[in-house]
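The chain contents come next:
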Amino acid sequence: MTPLPQDPSLALRTSHPTAAERWRFALALFAVALAILVATLAPSVTLWDAGEFLAASKILGVPHPPGTPLWVMLAHTWATLLHFGSWAWRVNMLTAVASAAGTACFGLVAWETLRRVPALAEAGAPRWLVQVGAGGAALAGAFTFTNWQNSNETEVYAIAMFVIALVCWLLHRWRELRGTERADRVLLVILYLAGLSIGNHLLALLVGPAVVAFLTLVSRESPLKDPVERSQEHATTAVVAGTWFLLIGLGLGSTWLIVIGAIGFVVAALWAATHRRTSFASVALVVAVIGITSYFFLYIRAGQHPMINEAQPDNWQSLLDVIRRKQYPPRGPLDDPTIPHGQGNPGRSLTIIGLQLVNYFQYFFWQWGMGIVDWKRIVPFASLYTLLGVVGTVAHRRADRSGWGMFVVLFLTTGLGLMAYMNFKPGFSLGYAQYPDFSLHEVRERDYFFVVSYVIWGIWAGMGLVLLARKAYASVAAGIRPLVAGAVLALCLIPVATNWAEAGRARPPVAQLAHDFAYDLLNSVPPYGILITYGDNDTFPLWYAQEVEGIRPDVTIVCLALAQTDWYLRQLRDNPNRAFVDSASAPHWRGKAGARPDWPVHSMTDAEIAGIAGVLHPVNQNTPVQLGPIAHVIPAGAVLAPNDIGVLRIIQQNLGRRPIAWAVSAGRNFLGLDQYLVQQGLALALQPTLPDSTDQRFAPRSLNGVLLDLPTTTRLVDSVYLRAGLDAVDDRPEMESAAEGVAGNISQPIILLAVAADARGDIATAVRYLELAVRMRPDAQLKAALQQERQRMLTGAVPAIPRP
């Protein structure tokens, strides 16, 4: 390409940017990214882990293994010092700030890369193109769908991404400072960040191979002139590699990895000692170990018995169990993930590997247009960004092989490499032809594990757009060059436009859905009720409501998923029964509290708990048990899990003394007590005596297998329940599967009220409830039922409403 005539206003930019220029650029990019994130920031709790993390940050609790102690302390301090907004908004803002800071760091990396591209450094290239293009590339990566979703709610991934981005930028600073004492300091900061990151999330440690690759490639591509200094640099790289591997072993709690890492570090340290680098090796180990000391928080705080104290790491063994994630079933990289680990596992099949690859690339497609409902319309954007990524990758390699090698290793490690290591079951949304059983699939989409690889590709795609902008600038008339180049660079914002509708969490009903569901569930039971829930999405939002907003702390939550463990069963027994607070409950329950229970929720001893935890218990013969006033028989052939036994003991201790109910989201395993249940809104309340099915208060049992308490459910639905704005729109957009499940749960008692009204001939009431249900759960069956009821009002025909 023939160079354009030199424009005096376009200075050739080949030298290093000044510190002031870098700061101005980083702050501007940070502000842009933060503004977009704040506009889409979740104002309250969201589904999955956010409720648990928010509650733990408020009370300095211990969340699920590996405990994320650094994150808990950081979020608590941040939200305490930020004196405005709700607690949830403040912690969500921490996530957004971390993500925006990571975007700024990646922008600096992109700037460092693009200024080395010959086409952008030659005469005639506009000086602004590199800076604006670097910012655009960083934004293209930052607002990939998964990273955006991680960045506007309470989660640990944004801070992990910030650490990775900062490490990538610090490596470029190290390259500038090679041969000086400051270069060693930069590497020590990187190792300290690596140690710190263990207390947040191990995702950040995956930058380690990229760090070693960059140091190695720089030494090979640009060897120092002095052979002694070259040898010292190689020894330094070995120390960094050995320290990092040791940190990975410590982060996983793996004895054999720790041993290998320790051996590797000792060998590297001995090599360093022969090249007068003993002090660097010693300090590297010290700063890395200092970084992981945040885990002492778990040991100290668990011993103080906070209300959220998962796995209770108050002794050395339980702390190791938390670090090793013993709570979760083991799964090796060579296992068939649909079959328990151990003898009899046939190994990872080609079918599984194929589905995992399809799943990874399915998630890749999501990154460029998840807000577009029609998949045919996503394909052009995904194809464009795939091609742009290839262009950017090639340009990166030509401009900076060391930086390119770092990105390639990081991309592969956090993408296909992580896919191979994690060995997930078939994805939540695919593979049902081969694996029709839902239990053989992941319980949610796992795209967030691969988020770093998608961000890296987005940055490469942005770099590709910068090169296209340069060509466009050179090929048009002088007067419109900035306009045309700017229009091309604006394509970096495609992910912002195409993901906004799906990634944003500030719009109803997503903004309040988890919060309102928690409020509704807690207020479905009377004062001092015991509420049995299933897992994350009907438990963690309730923890948030109780611990952060003080809503119904008197309710004892029994999570079936956690009740499989010994520590949780002990905590259910030992945790105090908290007082009912009128102002923290729905008006429906105010003034109705009796005396606070002064007995434990169950009476199992530690030995009894240890005897049932972790194993299934077959029942060989009909076994009579007394459950309070109910004489019950457990039939021969039944198999009781630890949580079944725990619930039975809770019923024994409390039935007739405290209200007991299953949440509608807790499944259908009622331990053979179905006949004693009465549905009251979102709760299936266990009665101490067999309810009278002829009582006019109850809808017939056949409607849902359980009697429906009409007056109580009507009062809860009409006067108590919040619905996150679901009832305010006639045609809401589809939400992700977990949110749809929550909306479906909230709508369930409404549908039952409609069915009951239809059965007694009250068509107007049936239509009213169906109209509300359709707004919340706009599926075809409900819409058809509503149309039938409206037709019935006009013609007098008698169609039946489909039963849920």
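Numbers given to residues run from 1 along each chain, matching the order in which its sequence is written. pLDDT decides what is reported in this predicted model: residues at 70 or higher carry local features, side-chain atom pairs at 80 or more are listed and counted, and totals for whole chains, interfaces and linings draw on all residues regardless. Side-chain numbers come from the whole structure's heavy atoms, not from hydrogens or water.

Is there a simple way to think about helix 28 (residues 737-759) in this case?
Residues spaced three or four apart along an α-helix face the same direction, because each turn holds 3.6 residues. Strands here mean DSSP runs of E at least two residues long; helices mean DSSP runs of H or I at least four residues long; both are numbered from the N terminus. A helix is expected to span 1.5 Å multiplied by its residue count minus one. Between its first and last C-alpha atoms helix 28 spans 31 Å; for 23 residues at 1.5 Å apiece the expected length is 33 Å, and the two agree. Relative accessibility under 20% of the residue-type maximum defines a buried residue, over 50% an exposed one, and the middle range a partly exposed one, all with a 1.4 Å probe and only protein chains included. Among the 23 residues of helix 28, 19 are classified as buried, and the element is accordingly described as predominantly covered. N-cap assignment for helix 28: the residue whose side-chain oxygen lies 2.9 Å from the backbone N of Ala738 is Glu736. Counting of polar contacts relies on pairs of N or O atoms within 3.5 Å, with two restrictions inside protein: one atom must be capable of donating a hydrogen and the other of accepting it, and residues adjacent in sequence are counted only when both atoms are side-chain atoms.

Could you clarify how one ought to interpret unusual backbone geometry in this entry?
Following Pro65, the chain continues to Pro66 via a peptide bond in cis, the omega torsion being 10°. Within the fold, Pro66 resides in the loop between helix 2 (50-59) and helix 3 (69-81). At the junction of Pro508 and Pro509, the peptide bond is cis and its omega measures out at 0° in the coordinates. With a phi angle near 45°, Gln312 is a residue other than glycine that sits in the positive phi range. Looking at the element boundaries, Gln312 is found in the loop between helix 14 (296-302) and helix 15 (316-323).

Honestly, helix 19 (residues 451-475) in this entry has me stumped. Any pointers?
If you check helix 19, its first and last C-alpha atoms are 36 Å apart, about what 25 residues at 1.5 Å a residue would give, namely 36 Å. Along helix 19, 22 of the 25 residues are buried, which leaves the element largely enclosed by surrounding structure.

How should I be thinking about the pattern of salt bridges in this particular structure?
Where charged atoms from two side chains of opposite charge approach closely, those side chains can pair. Salt bridges, as used here, are contacts in which a Lys or Arg side-chain nitrogen is within 4 Å of a carboxyl oxygen on Asp or Glu. Applying the stated criterion across every chain, the model contains 25 salt bridges. The residue Glu547 makes a salt bridge to Arg578 at a minimum N-O spacing of 2.7 Å. Of this pair, Glu547 sits in helix 23 (residues 540-547) while Arg578 sits in the loop between helix 24 (566-574) and helix 25 (606-612); the two residues are 31 residues apart in sequence, bridging distant segments of the chain. Each of the salt bridges in this network shares a partner with another, and the network as a whole consists of Arg22, Glu112, Arg115, Arg116, Arg173 and Glu176.

Any chance you could explain the environment of Pro526 here in plain terms?
If you trace the backbone, Pro526 turns up in the loop between helix 22 (513-522) and strand 1 (530-533). Put simply, Pro526 and Arg552 are 26 residues apart on the chain and 9.8 Å apart in space, counted from C-alpha to C-alpha. Note on contacts: a residue pair qualifies if any of its non-hydrogen atoms lie within 4.5 Å across the two residues. Setting aside its immediate chain neighbours within four residues, Pro526 contacts Arg552, Asp554, Trp589 and Pro659.

How should the environment of Asp762 be read in this particular structure?
With respect to the element layout, Asp762 can be found in the loop between helix 28 and helix 29 (763-776). For Asp762, a relative accessible area of 26% gives the class partly exposed. For the pair Asp762 and Phe143, spaced 619 residues apart in the sequence, the C-alpha separation amounts to 51 Å.

What exactly am I supposed to notice about the packing of helix 4 (residues 87-114) against helix 6 (residues 127-142) here?
For any two helices packed against each other, one specifies the crossing angle of their axes together with the interaxial distance. What counts as an axis is a line fitted to C-alpha atoms, over the stretch in contact for a helix, and the angles between N-to-C directions run from 0 to 180 degrees. Packing of helix 4 against helix 6 brings their axes to within 8 Å, and their N-to-C directions diverge by 135°. In terms of axis orientation, helix 4 runs oblique to helix 6. Along this stretch, helix 4 crosses helix 6, giving a crossing that reads as right-handed. Two secondary-structure elements touch here, helix 4 through Thr103, Phe106, Gly107, Ala110, Trp111 and Leu114 and helix 6 through Val130, Gln131, Gly133, Ala134, Ala137, Ala138, Leu139 and Ala142. Classifying every residue of the contact of helix 4 with helix 6 gives 10 nonpolar, 4 polar and no charged. Comment on the angle field: the value is read as roughly parallel under 35 degrees, roughly antiparallel over 145, roughly perpendicular from 65 to 115, and oblique elsewhere. Here a crossing is called left-handed whenever its near helix is offset anticlockwise from the far helix by less than a right angle, and right-handed whenever the offset is clockwise. Asp, Glu, Lys and Arg are counted as charged, while Ala, Val, Leu, Ile, Met, Phe, Trp, Tyr, Cys and Pro are counted as nonpolar; the rest, among them Gly, fall into the polar class.

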